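# A closer look at the structure
Chain by chain, the residues:
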Amino acid sequence: MRFKLLDNDIYSNTGVGISIGEDARPLVESNRIYGKHTAGVYVAGSAARGTVKNNEIYDNCDGIVVREGGAPTVVENQVSERFA
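Below is a short write-up of the structure. (Residues numbered from 1 in each chain as written. Predicted model: local features only at pLDDT ≥ 70, side-chain atom pairs only at ≥ 80, totals over all residues. Heavy atoms only, no water.)

## With respect to the environment of Thr73
As a reminder of what qualifies: By definition, any uninterrupted DSSP run of H or I lasting at least four residues is a helix, any uninterrupted run of E lasting at least two residues is a strand, and each is numbered from the N terminus. By definition in these notes, contact holds between two residues if any of their heavy atoms fall within 4.5 Å.
Along the polypeptide, Thr73 turns up in strand 10 (residues 73-75). In this structure, the C-alpha to C-alpha distance between Thr73 and Gly40, residues 33 residues apart in sequence, is 15 Å. Not counting residues within four places of it along the chain, the set of residues in contact with Thr73 comprises Gly50, Thr51 and Val52.

Written as structure tokens, this is what we have:
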């Protein structure tokens with residue numbers, strides 16, 4: 001079974017809100033990720049996967065960053081500069 005991160009407020013931390021690394025396959029769903037993170041969601045690593053679905057990602061420097069071969073499934077998210 002893969003890790004699930006569901007319905008959380010993730011805010012005002014140093015660095016990134018959620019980091020998905022090498023060989024990770026989490027389900028990240030229905031979270032609120034905000035408050036000046038470097039990136040709301042950061043995915044890096046040649047085998048970094050997972051699903052990022054139905055999240056509110058706002059008020060961060062970058063919304064979702066994918067690097068170094070990461071290949072997440074990203075669907076139905078609201079990514080914005082400010083939350084309305």
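## Details of the pairing of strand 6 (residues 39-44)
This is how the line gets drawn: Note on exposure labels: buried denotes an accessible area under 20% of the residue type's maximum, exposed denotes more than 50%, and partly exposed covers the range between, all computed with a 1.4 Å probe on protein chains only. In short, DSSP must find at least two bridges between two strands for them to pair.
For strand 6, a buried count of 5 out of 6 residues is recorded, marking the element as mostly surrounded by other parts of the structure. Sheet analysis places strand 3 (residues 18-20) next to strand 6, joined by 3 bridges and oriented parallel. Note that in strand 6 the partner of Ile18 across the bridge is Val41. In the sheet, strand 6 pairs with strand 9 (residues 62-67) via 5 bridges, with the strands oriented parallel. The partner of Ala44 across the bridge, within strand 9, is Arg67.

## Some thoughts on the sheet that holds strand 7 (residues 51-53)
Heads up, the rule is: Axis lines are fitted through C-alpha atoms, for helices just across the contact stretch, and the angle between N-to-C directions can take any value from 0 to 180 degrees.
Reading across the sheet, the 4 strands line up as 1-4-7-10 and stay open at both edges, with parallel pairing between neighbours. Looking at strand neighbours, the two that pair on one side only are strand 1 (4-6) and strand 10, the edges of this open sheet. Mean inter-strand twist for the sheet, computed between neighbouring axes without regard to direction, equals 5°.

## Focus on the environment of Arg2
Looking at the element boundaries, Arg2 is found in the segment before strand 1. Residue Arg2 is classed as partly exposed on the basis of its relative accessible area, which comes to 29%. Residues Arg2 and Glu81 lie 79 residues apart in sequence; the distance between their C-alpha atoms is 30 Å. Excluding anything up to four places from it in sequence, Arg2 contacts Arg25, Pro26, Leu27, Gly50 and Thr51.

## Some thoughts on unusual backbone geometry
For Asp7, which is not a glycine, the phi torsion comes out positive at approximately 55°. Tracing the sequence through the fold places Asp7 in the loop between strand 1 and strand 2 (9-11). One non-glycine residue, Asn54, adopts positive backbone phi at about 55°. Residue position: Asn54 is located in the loop between strand 7 and strand 8 (56-58). A relative accessible area of 39% means that Asn54 is categorised as partly exposed.

## A look at the side chain of Asn60
How we decide: Polar contact criterion, stated in full: a pair of N or O atoms within 3.5 Å, where within protein one must be able to donate a hydrogen and the other to accept it, and residues adjacent in sequence count only if both atoms are side-chain atoms.
As for its placement among the helices and strands, Asn60 is situated in the loop between strand 8 and strand 9. Engagement of the side chain of Asn60 in a polar contact is seen with the backbone oxygen of Ile33, the distance being 3.2 Å. Excluding residues that lie within four positions of it along the chain, Asn60 makes contacts with Ile33, Tyr34, Gly35, Lys36, His37 and Gly40.

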